[in-house]
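Secondary and tertiary structure notes
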Amino acid sequence: MKRKIILILTALGLVFIITCRHQPNEIPTPTSSNGNGNGNGSGNVKDSVCFAEEILPLLISNCAKAGCHDATTHQEGINLTSYGNVMSTISASDLMNSVHGTGGIDIMPPANAPPALTSSQINLLQAWVNQGMLNGIDCQCNIDTNNVTFSGVIFPMFQANCLGCHTSSTPILTNYSLIKFQLDTGRLYNAINHLGGVPPMPQNSPQLSSCRIIAFNKWVNAGAPNN
Ligand code: HEC
């Protein structure tokens with residue numbers, strides 16, 4: 001009896017060790033990312049940050065602008081336009097020091113290149129660093145495309161993917177009426193859907209993921225309500 005218990009406990013222990021050892025190297029996949037989008041209770045970040053969906057758009061929109069850390073200018077040798085370039089041109093500590101303005105590094109983005117990062121954007125970067133700066137691609141889209149509202153889905157999507165540039169670069173897209181105005185010209189729809197006639201957006205970045213495009217188009221087809 002005693003031996004049996006010991007055997008079972010050992011087996012359980014082994015399973016536990018194997019499971020734990022597996023995790024640090026794991027690239028976030030649809031199943032390992034937190035599907036409900038509610039976070040894990042430690043602030044407003046998820047337990048599995050997706051590089052392609054969440055980190056790259058943030059870096060492209062806020063840091064990889066012309067004259068800053070894009071492929072052409074790459075100030076201080078730092079090029080933040082792709083996973084490979086991020087990993088080969090900046091360390092985790094320089095990245096975090098720059099967004100906090102600590103460790104002798106000027107705060108980024110600099111005051112003359114607004115907007116500043118929000119605390120939830122900084123938390124997201126920190127969570128990605130803590131998770132090992134993984135190259136999460138093909139991540140689960142946390143959008144319920146059957147329930148697309150301006151405040152719940154569309155504006156956060158603009159905040160994450162566009163406003164790093166379009167807070168100061170025209171067209172300014174910082175609120176509903178400005179977005180609706182651009183939508184009525186037809187150019188915003190074409191820019192997001194890469195239909196030609198206007199530069200494809202987001203600039204210098206892959207097209208938004210298909211579930212984001214579906215959500216955006218559904219919202220437009222519903223009359224682009226301010227809901
Ligand atoms: C890295 C900076 C950057 C990001 C990110 C970005 N844009 Fe742009 N966008 C620009 C610049 C610069 C222009 C104007 C230059 C040009 O014509 O290419 C522009 C132009 C536009 C235009 C006007 C097109 C026209 O000619 O009328 C629209 C609409 C637009 N962007 C929408 C978006 C949307 C929507 C997003 C997010 C999904 C986005 N942009 C993300 C930099 C950016």
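Before reading further, recall that the structure is shown in the block above.
Report on the accompanying structure. The model shown is predicted, which means the values in this text are computed figures rather than measured ones.

1. A few points about the pattern of salt bridges
- Scanning the entire structure with this criterion turns up two salt bridges.
- In this structure, Arg212 engages Glu53 in a salt bridge whose closest nitrogen and oxygen atoms are separated by 2.3 Å. You can see Arg212 sitting in helix α10 (residues 210-221) and its partner Glu53 sitting in helix α2 (residues 51-62), a full 159 residues away along the chain. For the pair Arg212 and Glu53, one class covers both residues: buried.
- Here Lys180 makes a salt bridge to Asp184, at a shortest N to O gap of 3.1 Å. Of this pair, Lys180 and Asp184 both sit in helix α8 (residues 176-184), separated by four residues, roughly a single helical turn.
- According to the relative accessible area criterion, Lys180 is partly exposed, its value standing at 22%.
- For Asp184, a relative accessible area of 57% translates into the label exposed.

2. So, the side chain of Lys65
- For Lys65, the position within the fold is in the loop between α2 and α3 (83-89).
- Here Gly164 takes part through its backbone oxygen, which lies 2.6 Å from a polar atom of the side chain of Lys65.
- In this structure Lys65 touches Ile60, Asp70, Ala113, Pro114, Pro115, Gly164, Cys165 and Ser168, once residues within four positions along its chain are discounted.

3. Let's talk about the packing of helix α6 (residues 150-161) against α10
- Contact geometry of α6 with α10 gives a least axis separation of 11 Å together with a crossing angle of 125 degrees. Between α6 and α10, the angle is such that the two are oblique. With respect to the hand of their crossing, α6 and α10 are arranged in left-handed fashion. When α6 is examined against α10, the residues Phe150, Val153, Ile154, Met157 and Phe158 are found in contact with a partner set consisting of Arg212, Ala215, Phe216 and Trp219.

4. A word on the nonpolar core
- Counting 23 residues, the largest nonpolar core has Ile55, Leu59, Leu95, Leu125 and Trp128 as its most contacted members.
- When residues of this core are traced back to their parent elements, those giving at least two are α2, α4 (92-100) and α5 (119-130).
- With 21 residues, the next largest nonpolar core counts Leu163, Ile179, Leu183 and Ile192 among its residues.

5. Quick word on the coordination of the iron atom of the ligand
- Coordination of the iron atom of the ligand by the protein involves His166 (NE2) and Met201 (SD), with metal-donor separations of 2.0 to 2.2 Å.
- In this structure, the iron atom of the ligand is surrounded by six donor atoms whose angles at the metal cover 85 to 177 degrees, and the resulting shape is octahedral. Residue His166 is located in helix α7 (residues 163-166), and its partner Met201 is located in the loop between α9 (187-193) and α10; the two are separated by 35 residues in the primary sequence.
- Here His166 falls in the buried class, since its relative accessible area comes to 11%.

6. Let's talk about the site of the ligand
- If you check the shell around the ligand, you find 16 residues, and the closest are Cys162, Cys165, His166, Arg187 and Met201.
- One of the side-chain N or O atoms of His166 is found 2.7 Å from a nitrogen atom in the ligand.
- Contacts to the ligand include Arg187, whose side-chain N or O atom sits 2.4 Å from an oxygen atom.
- Mapped onto the shell around the ligand, the elements with two or more residues apiece are α2, α6, α7 and α9.
- Its residues assigned to classes, the shell around the ligand comprises eleven nonpolar, four polar and one charged.

7. Some thoughts on α8
- Turning to α8, its buried residues number three or more, namely Tyr176, Ile179, Gln182 and Leu183. In an axial view of α8, the angular spread of the buried residues amounts to 135 degrees, which keeps them on one side of the axis. Across from the buried face of α8, at angles greater than 90 degrees, the exposed residues are Ser177, Phe181 and Asp184.
- Looking at the buried side of α8, the elements it contacts are α6, α9 and α10.
- For α8, the side-chain oxygen to backbone nitrogen distance between the N-cap and Ser177 is 3.2 Å, and the N-cap itself is Asn175.

8. Considerations on the environment of Ile214
- Its location among the elements puts Ile214 in helix α10.
- On the accessibility criterion, Ile214 (43% relative accessible area) is partly exposed.
- Residues Ile214 and Asn193, 21 residues apart in the sequence, show an inter-C-alpha distance of 9.7 Å.

Here is what the cut-offs are and how they apply
- Residues numbered from 1 in each chain as written.
- Predicted model: local features only at pLDDT ≥ 70, side-chain atom pairs only at ≥ 80, totals over all residues.
- Heavy atoms only, no water.
- Salt bridge = Lys/Arg side-chain N within 4 Å of Asp/Glu carboxyl O.
- Helix = DSSP H or I, 4+ residues; strand = E, 2+ residues; numbered from the N terminus.
- Buried < 20%, exposed > 50% of the residue type's maximum accessible area, 1.4 Å probe, protein only.
- Polar contact = N/O pair within 3.5 Å; in protein donor to acceptor, adjacent residues only side chain to side chain.
- Contact = heavy atoms within 4.5 Å.
- Axes fitted to C-alpha atoms, helices over the stretch in contact; angles between N-to-C directions.
- Parallel < 35°, antiparallel > 145°, perpendicular 65-115°, else oblique.
- Left-handed = near helix turned anticlockwise from the far one by under 90°.
- Core = buried A, V, L, I, M, F, W, Y, C linked by side-chain atoms within 4.5 Å.
- Donors = N, O, S within 2.8 Å, 3.2 Å for Na, K, Ca; no water.
- Tetrahedral: all angles 85-135°; square planar, octahedral: opposite > 155°, others 65-115°.
- Near = heavy atom within 4 Å.
- Nonpolar A, V, L, I, M, F, W, Y, C, P; charged D, E, K, R; others polar.
- Arc of directions from axis to C-beta.

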